[in-house]
Amino acid sequence: MSQVDPPILASESCIFIPDGRLRLKTEVRKMVKSFTRESSKETILILVSNKKTLPPLGDHHGIVDLIDHPIRLLLDQENIKVISFWDNRLKNLIYDPSIYYHADSRYKNVFSFIPYRVRKKIFRVANPEICSRYFHALQIAKKIRPTFIITHVDLKLALLAAKFLPHSKHVYYYHGSILHNNINFQQWNELETRFDGIVFITKSVVEGLKAKFGQCNIPYRVILNAIDLEWAHPEKRNALREVARRQWRIRPEEILIIYAGRLQPTKGLMPLVKGFLNAYQKNPKLRLVIAGDPARETYGNFQLVDELKKLSSHLPDYVVQYPGWLDRENLQFLYSAADISVLLSMPEEGEANSLFLMESMGFGIPCIATRVGGNPEVIEDTGILIDPLNAEQELSRALEVLSSSSIREQFGQKAAERAHSFFSYQRVADELLDFINSLRLT
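Residues numbered from 1 in each chain as written. Predicted model: local features only at pLDDT ≥ 70, side-chain atom pairs only at ≥ 80, totals over all residues. Heavy atoms only, no water.

J.: Looking at this structure, how should I read the overall build of the protein?
T.: Per the secondary structure count, the protein includes 18 helices and 16 strands. On the protein, roughly 20500 Å² of surface is accessible, and the fraction owed to carbon and sulfur atoms is 49%. Put simply, the protein has 57 plus and 50 minus side-chain charges, and the middle of one group is 7 Å from the middle of the other. (Helix = DSSP H or I, 4+ residues; strand = E, 2+ residues; numbered from the N terminus. Areas by Shrake-Rupley, 256 points an atom, 1.4 Å probe, with all protein chains shown as cover. Lys, Arg positive; Asp, Glu negative; His and termini not counted. Charge placed at Lys NZ, Arg CZ, Asp CG, Glu CD.)

J.: Which parts of the structure should I look at to understand the sheet that holds strand S8 (residues 169–173)?
T.: Each strand in a sheet pairs with its neighbour through backbone hydrogen bonds, running either in the same direction (parallel) or in the opposite one (antiparallel). Taken in spatial order, the seven strands line up as S6-S5-S4-S7-S8-S9-S10 in an open sheet, and their pairing is parallel. The open sheet has two edge strands, strand S6 (100–103) and strand S10 (220–222), and neither has a second partner. On average, each strand axis in the sheet is inclined to that of its neighbour by 20 degrees, with strand direction left out of account. Inspection of the sheet shows strand S4 (residues 43–48) paired to strand S5 (residues 79–85) by five bridges, in the parallel sense. (Pairing = 2+ DSSP bridges. Axes fitted to C-alpha atoms, helices over the stretch in contact; angles between N-to-C directions.)

J.: Before we go on, may I ask you to explain empty space enclosed by the protein in this structure?
T.: Rolled over the atoms, a probe as big as a water molecule pinpoints where empty space is left. Counted by the stated rule, this structure contains three cavities of 30 Å³ or more. Looking at the largest cavity, its volume works out to about 100 Å³. If you go around the largest cavity, you meet 13 residues; those closest to its centre are Leu-66, Ile-67, Pro-70, Tyr-173 and Val-428. Listing elements by their share of the lining of the largest cavity, those giving two or more residues are helix H2 (63–74) and helix H18 (425–440). Top element by residues in the lining of the largest cavity is H2. It accounts for four residues. (1 Å grid on protein atoms, 1.4 Å probe; cavity = no way out; pocket = protein on both sides within 12 Å on 5 of 7 lines; lining within 4 Å. Points joined across faces, edges and corners; volume = space filled by probe spheres on them.)

J.: Honestly, the pairing of strand S15 (residues 367–370) in this entry has me stumped. Any pointers?
T.: On any regular strand, side chains alternate: one points to one face of the sheet, the next to the other face. Neither face of S15 is left uncovered, since the one carrying Cys-367 and Ala-369 and the one carrying Ile-368 and Thr-370 both have all their residues buried. Relative to S15, strand S14 (residues 340–343) runs parallel, the two being bridged by three bridges. Bridging across to S15, Ser-341 finds its partner in Cys-367. Relative to strand S16 (residues 384–386), S15 runs parallel, the two sharing three bridges. (Buried < 20%, exposed > 50% of the residue type's maximum accessible area, 1.4 Å probe, protein only.)

J.: It is not clear to me how the nonpolar core should be interpreted in this structure. Could you clarify?
T.: Inside soluble globular proteins, nonpolar side chains tend to come together where they are buried. Ile-46, Val-82, Leu-272, Phe-276, Leu-334 and Ile-368 are the most contacted members of the largest nonpolar core, which has 98 residues in total. A total of eight residues in this core trace back to one element, the largest contributor, which is H18. Of all hydrophobic cores here, the second largest spans 26 residues; its members include Ile-83, Ala-103, Phe-164 and Leu-165. (Core = buried A, V, L, I, M, F, W, Y, C linked by side-chain atoms within 4.5 Å.)

J.: In this structure, what is going on with helix H13 (residues 328–337)? I would like to understand it.
T.: In an α-helix, one turn spans 3.6 residues, which is why side chains three or four residues apart end up on the same side. Taken across its ten residues, H13 has eight buried, putting it largely inside the fold. All of the buried residues in H13 are Arg-328, Leu-331, Gln-332, Phe-333, Leu-334, Tyr-335, Ser-336 and Ala-337. Residues of H13 that are buried make contact with helix H10 (234–247), strand S11 (255–260), strand S12 (286–291) and helix H14 (355–363). (Contact = heavy atoms within 4.5 Å.)

J.: Honestly, unusual backbone geometry in this entry has me stumped. Any pointers?
T.: Keep in mind that most residues, glycine aside, have a negative phi and that most peptide bonds are trans. Residue Pro-55 is reached from Leu-54 by a cis peptide bond, and omega for that bond is 0 degrees. For Pro-55, the location among the structural elements is in the loop between S4 and H2. Backbone geometry places Arg-124, a non-glycine residue, at a positive phi of 65 degrees. Position of Arg-124 among the secondary structure elements: in the loop between helix H4 (116–123) and helix H5 (128–144). Accessibility expressed as a relative area gives 30% for Arg-124, which makes it partly exposed. You will see that Arg-145, though not glycine, has its phi angle at about 60 degrees, which is positive. By the element assignment, Arg-145 lies in the loop between H5 and strand S7 (148–152).

J.: Sorry, what's going on with the packing of aromatic side chains here?
T.: For the structure shown, the criterion picks out 16 aromatic pairs. Relative to Phe-123, the ring of Phe-111 has its centre 5.4 Å away and its plane inclined at 80 degrees; by these criteria the two rings are edge-to-face. With a gap of twelve residues between them, Phe-111 in helix H3 (residues 108–112) and Phe-123 in helix H4 connect regions that are remote in the sequence. By relative accessible area, which is 0% here, Phe-111 ends up buried. Residue classification places Phe-123 among the buried positions, given a relative accessible area of 3%. Between Tyr-172 and Phe-195, the ring centres sit 6.3 Å apart and the planes meet at 50 degrees, which makes this aromatic pair tilted. With a gap of 23 residues between them, Tyr-172 in strand S8 and Phe-195 in the loop between helix H8 (185–194) and strand S9 (197–200) connect regions that are remote in the sequence. Here the aromatic cluster, defined as three or more aromatic residues joined through ring pairs, consists of Trp-231, Tyr-259, Tyr-335, Phe-356 and Phe-363. Sitting over the face of the ring of Trp-325, Arg-296 holds its NZ or CZ atom 3.7 Å from the ring centroid. Sitting over the face of the ring of Phe-422, Arg-427 holds its NZ or CZ atom 4.6 Å from the ring centroid. (Phe/Tyr/Trp six-rings, centres within 6.5 Å; stacked < 30°, edge-to-face > 60°. Lys NZ or Arg CZ within 6 Å of the ring centre and 35° of its normal.)

J.: How should I be thinking about the pattern of salt bridges in this particular structure?
T.: Two side chains of opposite charge can pair, provided their charged atoms sit close to one another. Throughout the structure, instances matching the rule amount to 21 salt bridges. Arg-440 serves as the salt-bridge partner of Glu-42, at 2.8 Å between the closest nitrogen and oxygen. Here the residue Glu-42 occupies a position in the loop between helix H1 (27–34) and S4, and Arg-440 occupies one in helix H18, the gap between them amounting to 398 residues. With a shortest N-O distance of 2.7 Å, Glu-254 and Arg-287 are connected by a salt bridge. With a gap of 33 residues between them, Glu-254 in the loop between H10 and S11 and Arg-287 in strand S12 connect regions that are remote in the sequence. Like Arg-287, Glu-254 is buried. (Salt bridge = Lys/Arg side-chain N within 4 Å of Asp/Glu carboxyl O.)

These results come straight from atomic positions and should not be treated as a statement about function.
This is how it looks when you write it as structure tokens:
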């Protein structure tokens, strides 16, 4: 590691420095004083959560791709820089270091000597490693001197950037669906005061904020997520379908229902299996695959998986399958074999923009989902929406409707048309740039 100056940590009245000396001037003032807004070209800085690394590493799927693809599409039009967090696998990756910067934990040992309450007060988190990464990210951001800072996911990091880099315009890009449940009036006031704009990925968040706080005065834009439409395409499904169905032991006359994602109660897996078993009694041609692995989740629920398996333990193992986590190749095979996709999101956690639903639609698979969060915005009239409080019974009825191949084909065609006309990365890039341009005028 190269030699660097010891970090300066701000408190309300003094500065803590590793060698124990005190200075009267706070780091906040130091940053503001040395920061200049003038630049030969406007710079948009993308600041990413401490758990994410860009450019994507290996077989990434999900939020990293959602962030990175629009960035690449905008590089020809805008001067964009990205700060994410260091991962040792970057040593084996070729990328442009003039675009992608990385914050690391070089100050971890220093922060471990700072009192807990001081770390918590300044950084809103006490973990020394996270404090170090936040601090290093702010150091890099200060040198970049961005006109705009768009912070994805991490609200603590977004608030820190707004505090230490006040001459930039700040946009918080929220990727969830229950922000109104996670913040209080004081925090919402801080968001409205410190930020110039917010991006949501579902209008249900806006509705929740207005219901709780009575208003949403900050400029905002709802930008639905996107998927890889070359990977999720009806032609790919048709080409792989025969081989894929043999791989999953599905006969031509059988109907394969799938779910792929986190194995958590809030994904409605219990009513999914129970509803399937009810429908299976009437139609023994139904099959179910639930793909996911609690071992790969932060809070893996192994007990839930055991309980789900017990529900169908009296049936042959090919009726309900639990293959675990699937890489992109095998996931594409699962989509290609599938006839129906089901996501029974529960209200307590909500649902933003399910990539599982969006990818299913991209392949032309009809979907059944609960009326929760962004599910209705994603599906619209291309699938069947059901009540989350009566999911088990309504799922059984919906499966009965979709037992007709002609109805599945109609829904699937409409789903593919919507996906391929609206779920592109280019649309996300265009809408984000349009929002930034609107903020430039304020």
